Amino acid sequence: VRVPAQLVSLLTLDTNGDVWVGGYCNYSTPDLPGTDNCGNKIHVKVDAATGQVFTNSPDTRVVFASEGTDYGGFEGVFTPSGQLWSSGGANAGSAGNACLIAYTPNHVSTNIITDENQPFAMAVDRQTGYIWVTSYGGSNITVYNPAVADSLNHPVTNYHNHGAAAAGGLAIDNNGNV
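Residues numbered from 1 in each chain as written. Predicted model: local features only at pLDDT ≥ 70, side-chain atom pairs only at ≥ 80, totals over all residues. Heavy atoms only, no water.

**A few points about unusual backbone geometry**
One non-glycine residue, Q118, lies in positive phi territory at about 60°. Assignment of secondary structure puts Q118 in the loop between β12 (109–114) and β13 (119–124). (Helix = DSSP H or I, 4+ residues; strand = E, 2+ residues; numbered from the N terminus.)

Laid out in structure tokens, this is it:
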């Protein structure tokens, strides 16, 4: 399946089992030394049954932008209630990389925060519905409750010093163990 997203990193399933793909910015790609690359940060929906890429609707083809800056595209998860959360990753060079986004496709509403700690890996606790997010640049794990209005600005908790800066992975099992 070919999608219009460039530098694809985000891959997640929505509540209908369809696939969402997102691209991000990388201003120092190791396999293309000396080349600055910025993907278009398009997030698109792909029908899981047919492979059809939907690019014709605000609900299925999204660029999260504010004041001329595109955000997100590095990592993503869907909440049980159908919100797409997307992080911007840790690559320097673009204000849109150090961010966290909450998007509700059915309502076409988007909340964006910038975070100098560079939100990176994400996982959903299926027992609580909370979103856990590692930071690449701050050795933090932050927990959000997507059911709370303006949840991006009001995290449930923030764990500092999870052991190493540049955290790159996060998983939560069906028992809520992180």
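**Points about the packing of aromatic side chains**
According to the stated counting rule, one finds 4 aromatic pairs in the structure shown. Each ring, one from W85 and one from Y144, has its centre 5.5 Å from the other, and the planes form 50°; the classification is tilted. Residue W85 is located in strand β10 (residues 84–87), and its partner Y144 is located in strand β15 (residues 140–144); the two are separated by 59 residues in the primary sequence. Taken together, a centroid distance of 4.8 Å and an interplanar angle of 40° make the contact between F120 and Y136 tilted. Highlighted residues: F120 in strand β13 and Y136 in the loop between β14 (131–135) and β15, separated in sequence by 16 residues. Relative accessible area serves as the criterion here: at 32%, Y136 is assigned to the partly exposed category. Ring-pair connections join several aromatic residues into one group, and the members of that group are F74, F120 and Y136. (Phe/Tyr/Trp six-rings, centres within 6.5 Å; stacked < 30°, edge-to-face > 60°. Buried < 20%, exposed > 50% of the residue type's maximum accessible area, 1.4 Å probe, protein only.)

**Some details on the confidence of the model for the protein**
Model confidence for the protein is summarised by a mean pLDDT of 79, while 82% of its residues fall at 70 or above. Mean pLDDT per element in the protein: strand β4 (residues 37–38) is the minimum at 52, and strand β9 (residues 75–78) is the maximum at 92. Note that residues 28–36 has pLDDT below 50 and, in this model, 6 contacts with residues that lie over four places away or in other chains. (pLDDT = per-residue confidence, 0-100. Contact = heavy atoms within 4.5 Å.)

**Description of the pattern of salt bridges**
Overall, the coordinates contain 1 salt bridge when judged by the stated rule. We note a salt bridge from D18 to K45, for which the minimum N-O separation is 3.6 Å. Of this pair, D18 sits in the loop between β1 (8–13) and β2 (19–23) while K45 is found in strand β5 (residues 42–46), placing the two residues 27 residues apart along the sequence. For the pair formed by D18 and K45, the shared burial category is buried. (Salt bridge = Lys/Arg side-chain N within 4 Å of Asp/Glu carboxyl O.)

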